[in-house]
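Chain and residue survey
Below, each chain spelled out in residue letters.
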Amino acid sequence: QMLGGGVDSCSITELFGEFRCGKTQLCHSLAVMAQLPPNMGGANGKVVYIDTEGTFRPERLRQIAESKGVSADAAMDNIIYARCYTSEHL
């Protein structure tokens, strides 16, 4: 309900909120969930993760992937990571 049915694919979704409210956890979970097959609620896709706060944690993504029954290495291979320092980087 919180996301109104999901997050659009082929688009940029910006999350913002107070410190320690779960933004990074949500992004990490979505990065894994998007790779799942449709019968598991995913899109069988790849993810571009644009990090503006330096909070990307590969080890946490690996934990989430393994908890969903996905190979951690395969999950990481399907995530394209970019660190963005200013709005000009976008």
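Structure: above.
These remarks concern the structure in this document.

Criteria and cut-off values
- Residues numbered from 1 in each chain as written.
- Predicted model: local features only at pLDDT ≥ 70, side-chain atom pairs only at ≥ 80, totals over all residues.
- Heavy atoms only, no water.
- Core = buried A, V, L, I, M, F, W, Y, C linked by side-chain atoms within 4.5 Å.
- Buried < 20%, exposed > 50% of the residue type's maximum accessible area, 1.4 Å probe, protein only.
- Helix = DSSP H or I, 4+ residues; strand = E, 2+ residues; numbered from the N terminus.
- 1 Å grid on protein atoms, 1.4 Å probe; cavity = no way out; pocket = protein on both sides within 12 Å on 5 of 7 lines; lining within 4 Å.
- Points joined across faces, edges and corners; volume = space filled by probe spheres on them.
- Arc of directions from axis to C-beta.

**Section: the nonpolar core**
Most often, soluble globular proteins have nonpolar side chains that are buried together. Residues Ala31, Val32, Val47, Tyr49, Phe56, Leu61, Ile64, Ala65, Ala75, Met76 and Ile79 constitute the largest nonpolar core, which totals eleven residues. Among the secondary structure elements, those contributing two or more residues to this core are helix 1 (23–33), strand 1 (47–51), helix 2 (58–67) and helix 3 (72–77). The leading source of residues in this core is helix 2, at three residues.

**Notes on the layout of surface pockets**
Of the voids in this model, the largest pocket is the one considered here, and its volume is about 1200 Å³. Taken together, 33 residues form the lining of the largest pocket, with Ser11, Ile12, Thr13, Cys27 and Val48 sitting closest to its centre. Secondary structure elements with two or more residues in the lining of the largest pocket: helix 1 and strand 1. The element contributing the most residues to the lining of the largest pocket is helix 1, with six residues.

**Quick notes on helix 2**
Owing to its 3.6 residues per turn, the α-helix aligns residues three or four sequence positions apart on the same side. Here helix 2 has its buried residues at Leu61, Ile64 and Ala65. The arc enclosing the buried residues of helix 2, seen along the axis, measures out at 100°, which places them on a common side. Opposite its buried face, helix 2 presents the exposed residues Glu66 and Ser67, each directed more than 90 degrees away. Gly69 sits one or two positions beyond helix 2 and adopts a positive phi of about 80°.

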